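Topology and contacts: notes
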Amino acid sequence: MEHEEVMFRLKTQGWVIIPSVIPHDEVEPIRRDMERVYAERGRSRVDYILNYLDHSSHSFSKYLADPRILAPVHEAFGGQHVRVRSNAGFLNPPPADVDDAMVRRAQHKMAQGMHADGPFLQGQPVRVAAPYQDSAVQFTTIWMLSDFTEENGATQLLTGSHRSPTNPTAIRAFDPTNLSEVVAARMGDLTRPDPAIVTAAGKAGDVILFDNRVW
């Protein structure tokens, strides 16, 4: 995918999938290394936040500076101020060795309603207060270490929502009684039809790059 197309999709959709950032034959060793770190550092099988880079063999680190990722972020920020804010990863472990109650708790925790990330999570102590300007200030990458499909719970995004001056977390934080049917649907009921909600399916080694304003 050419740089111009990546920029066009970030500006219009708010997100893009960059294919094969990690070569296919290098994904499996990285995934095994992450599972090793998780087994050593994870507090429980349903604790799914992992600061992987702090304890990894760093076989993954070299891909963070891939120019296909850094170049569009660099351009979006006017050519400067590109920093890594967090290296936290989210791991959804297979539930084969946990009981049904733990699986239910894990699924509840991982199945998030519609929201925006980073400083656009309203109600947090440090945030960009809504309504906010139409300007990118932070991006997130999601690294596919296995195939992402609709069947296995791939990330869903509301295309174009980065142009909205607010997001559902503002309603939850400041006016929890004002839950119209449309807002309620976009907060968590993804079974309702909305052509703008897209499942970000891809292959192991692909990377989702998205503006943190995206729901």
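Predicted, not measured: the structure shown is a model, and the values here were computed from it.

Cut-off values and rules
- Residues numbered from 1 in each chain as written.
- Predicted model: local features only at pLDDT ≥ 70, side-chain atom pairs only at ≥ 80, totals over all residues.
- Heavy atoms only, no water.
- Salt bridge = Lys/Arg side-chain N within 4 Å of Asp/Glu carboxyl O.
- Helix = DSSP H or I, 4+ residues; strand = E, 2+ residues; numbered from the N terminus.
- Buried < 20%, exposed > 50% of the residue type's maximum accessible area, 1.4 Å probe, protein only.
- Phe/Tyr/Trp six-rings, centres within 6.5 Å; stacked < 30°, edge-to-face > 60°.
- Pairing = 2+ DSSP bridges.
- Axes fitted to C-alpha atoms, helices over the stretch in contact; angles between N-to-C directions.
- Contact = heavy atoms within 4.5 Å.
- Core = buried A, V, L, I, M, F, W, Y, C linked by side-chain atoms within 4.5 Å.

Across all of its chains, the model carries ten salt bridges by this definition. Close ionic contact of Lys62 with Glu26 constitutes a salt bridge, the shortest N to O distance being 3.8 Å. With Lys62 in the loop between helix H3 (52-55) and helix H4 (67-76) and Glu26 in helix H2 (residues 24-41), this residue pair connects regions lying 36 residues apart in the sequence. The exposure class assigned to Lys62 is exposed, which follows from its relative accessible area of 57%. Glu26 gets classed as partly exposed once you look at its relative accessible area, which sits at 29%.

For the rest of this paragraph, the subject is the packing of aromatic side chains. By the definition in use, this model includes two aromatic pairs. Consider the rings of Phe77 and Phe139, whose centres lie 5.6 Å apart with planes at 50°: the pair is tilted. Taken as a pair, Phe77 in the loop between H4 and strand E3 (89-90) and Phe139 in strand E4 (residues 139-143) lie far apart in primary sequence, 62 residues in all.

Ordered by their spatial adjacency, three strands build an open sheet running E1-E7-E4, and the pairing between neighbours is antiparallel. Either end of the sheet is taken by a strand with one partner, and the two such strands are strand E1 (15-18) and E4. In this sheet, adjacent strand axes meet at a mean angle of 20° when their direction is disregarded. Together, E1, E4 and strand E7 (207-211) form the strand contacts of helix H1 (residues 3-12), whose direction differs from that of E1 by roughly 150°.

A separate point is the nonpolar core. Within the largest apolar cluster, 21 residues are counted, with the highest numbers of intra-cluster contacts made by Val21, Ile22, Phe139, Trp143 and Leu209. Those elements that provide at least two residues to this core are H1, E1, H2, H4, E4 and E7. For this core, the leading source of residues is H2, giving three residues. With residues up to four places along the chain from it excluded, the contact list for Phe139 reads Leu10, Val73, Ala76, Phe77, Leu209, Phe210, Asp211 and Asn212. One finds Trp15, Leu157, Ala200 and Phe210 within the second-largest nonpolar core, a separate group that totals ten residues.

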